[in-house]
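Each chain, letter by letter, is given below.
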Amino acid sequence: SQTIHQWPATLVQPVGSPLSLECTVEGTSNPNLYWYRQAAGRGLQLLFYSVGIGQISSEVPQNLSASRPQDRQFILSSKKLLLSDSGFYLCAWSVQRNSPLHFGNGTRLTVT
Amino acid sequence: KQEVTQIPAALSVPEGENLVLNCSFTDSAIYNLQWFRQDPGKGLTSLLLIQSSQREQTSGRLNASLDKSSGRSTLYIAASQPGDSATYLCAGSGAGSYQLTFGKGTKLSVIP
């Protein structure tokens, strides 16, 4: 069966510090991978998606970036965090575009 | 651009009652619609996915319907249980897009 791992579960970082969140999927090959952010009082916002190694599409311009160094690994990064980057970050995968979306347990990021 | 609305934001029902959660969307050219469940502090769990060519999907006590002409989807939960308490989110995608547009969810409380 397929599983998705996302870490860390919680993170507190000062403004201006770097960020690296990692997500891996097991039990499937060439999945579509996604990073979402869920802010308080707002719906989920798609940040990045990837349909293959090295292929990254950005939906929202900001100081975050994403990379996919391996088939089942997706990384969300920032060089300098802002207060507004605080939120709940969720990694997700799907077999194809019209397949169910499966989420990890998320990372609660607080920028202080 | 697809917009998804879920009303009410919160709903409380006694155990054993049948209930309907509502989801409306603005773009009738919807590619698929998905329903998710989110427990506090956790990621989302996929419940049902309805393709644009389908009218409904069923899984156990859950039944989801899709009416593209009216821009509405419903999630029917039969014989509700306290374990059904969670936030339920719907999300729709447009043709040619990898982006799912999420509603803000309906927080369901099933009272024993």
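Our subject is the structure listed above.
Residues numbered from 1 in each chain as written. Chains lettered and ligands numbered in written order. Predicted model: local features only at pLDDT ≥ 70, side-chain atom pairs only at ≥ 80, totals over all residues. Heavy atoms only, no water.

Chemist: Tell me about the overall build of chain A, residues and numbers included.
Modeler: For chain A, the helix and strand inventory stands at 0 helices and 11 strands. In sequence order, chain A lays out its α and β elements as β-β-β-β-β-β-β-β-β-β-β. When the backbone C-alpha atoms are referred to their principal axes, chain A occupies close to 40 × 25 × 20 Å. Every one of the 112 residues in chain A was classed for burial, and the buried ones make up 48%. Considering only contacts in chain A between residues 6 or more positions apart, those separated by 24 or more positions represent 54%. For chain A, the accessible surface area stands at approximately 5200 Å², while carbon and sulfur atoms represent 51% of it. One way to put it: in chain A the 8 positive side-chain charges average out to a point 7 Å from where the 5 negative ones average out. (Helix = DSSP H or I, 4+ residues; strand = E, 2+ residues; numbered from the N terminus. Buried < 20%, exposed > 50% of the residue type's maximum accessible area, 1.4 Å probe, protein only. Contact = heavy atoms within 4.5 Å. Areas by Shrake-Rupley, 256 points an atom, 1.4 Å probe, with all protein chains shown as cover. Lys, Arg positive; Asp, Glu negative; His and termini not counted. Charge placed at Lys NZ, Arg CZ, Asp CG, Glu CD.)

Chemist: Which residues make up the sheet that holds strand β1 (residues 4-5) of chain B, and what are the values?
Modeler: Residue and element names in this part refer to chain B. Pairing in this open sheet of 5 strands is antiparallel, and the strands run β1-β3-β8-β7-β6 from one edge to the other. At either end of the open sheet lies a strand with only one pairing partner, and these are β1 and β6 (56-59). Of the strand pairs in this sheet, β1 and strand β3 (residues 19-25) are connected by 2 bridges, and their pairing is antiparallel. Across the sheet, the residue bridging to T5 is S24, located in β3. (Pairing = 2+ DSSP bridges.)

Chemist: Go over the environment of A:W35, please, and point to the residues and values.
Modeler: Among the structural elements, A:W35 can be located in strand β4 (residues 32-38). For A:W35, a relative accessible area of 0% gives the class buried.

Chemist: Go over the nonpolar core with me, naming the residues and quoting the values.
Modeler: Membership of the largest hydrophobic core comes to 21 residues, with the highest contact counts inside it found for B:L21, B:L33, B:W35, B:L75, B:I77, B:Y88 and B:L108. Within the residue set of this core, elements represented by two or more residues are β3, β4 (30-38), β5 (44-51), β7 (62-67), β8 (72-77), β9 (86-94) and β11 (106-111) of chain B. For this core, the element with the most residues is β3(B), which contributes 4 residues. Those residues within four positions of B:L21 in sequence are excluded, and the remaining contacts are B:L11, B:W35, B:S73, B:T74, B:L75, B:I77, B:Y88 and B:T106. In this structure, A:C23, A:L47, A:F48 and A:C91 belong to the second largest nonpolar core, which totals 20 residues. (Core = buried A, V, L, I, M, F, W, Y, C linked by side-chain atoms within 4.5 Å.)

Chemist: Explain empty space enclosed by the protein residue by residue, including any values.
Modeler: This structure, assessed with the given rule, holds 1 cavity of 30 Å³ or more. Roughly 70 Å³ of internal volume is contained in the largest cavity. Taken together, 13 residues make up the lining of the largest cavity; nearest its centre are A:Y34, A:R97, B:Q34, B:Y98 and B:L100. Counting only elements with at least two residues in the lining of the largest cavity, the list comes to β4 of chain A together with β4 of chain B. The residue makeup of the lining of the largest cavity, split by class, is 5 nonpolar, 7 polar and 1 charged. (1 Å grid on protein atoms, 1.4 Å probe; cavity = no way out; pocket = protein on both sides within 12 Å on 5 of 7 lines; lining within 4 Å. Points joined across faces, edges and corners; volume = space filled by probe spheres on them. Nonpolar A, V, L, I, M, F, W, Y, C, P; charged D, E, K, R; others polar.)

Chemist: Let's hear about unusual backbone geometry: which residues, and what values?
Modeler: Omega for the peptide link from A:W7 to A:P8 comes to 0°, which places this bond in the cis form. Here B:I7 and B:P8 are connected by a cis peptide whose omega angle stands at 5°. Position of B:P8 among the secondary structure elements: in the loop between β1 and β2 (10-14). For A:N30, which is not glycine, the phi torsion reads 50° and is therefore positive. The topology assignment puts A:N30 in the loop between β3 (19-26) and β4. Note on A:N30: relative accessible area 43%, which makes it partly exposed. With a phi close to 45°, B:A79 is a non-glycine residue in the positive phi region.

Chemist: Explain the pattern of salt bridges residue by residue, including any values.
Modeler: Applying the stated rule across the entire model yields 4 salt bridges over all chains. Between A:R37 and A:D85 there is a salt bridge whose closest N-O contact spans 3.9 Å. With A:R37 in strand β4 and A:D85 in the loop between β8 (73-78) and β9 (87-94), the pair connects residues that are 48 residues apart, well separated along the chain. In this structure, the salt-bridge partner of B:R61 is B:D84, at a minimum N-O distance of 2.8 Å. Of this pair, B:R61 sits in the loop between β6 and β7 while B:D84 sits in the loop between β8 and β9; the two residues are 23 residues apart in sequence, bridging distant segments of the chain. Residue B:D84 is classed as buried on the basis of its relative accessible area of 7%. (Salt bridge = Lys/Arg side-chain N within 4 Å of Asp/Glu carboxyl O.)

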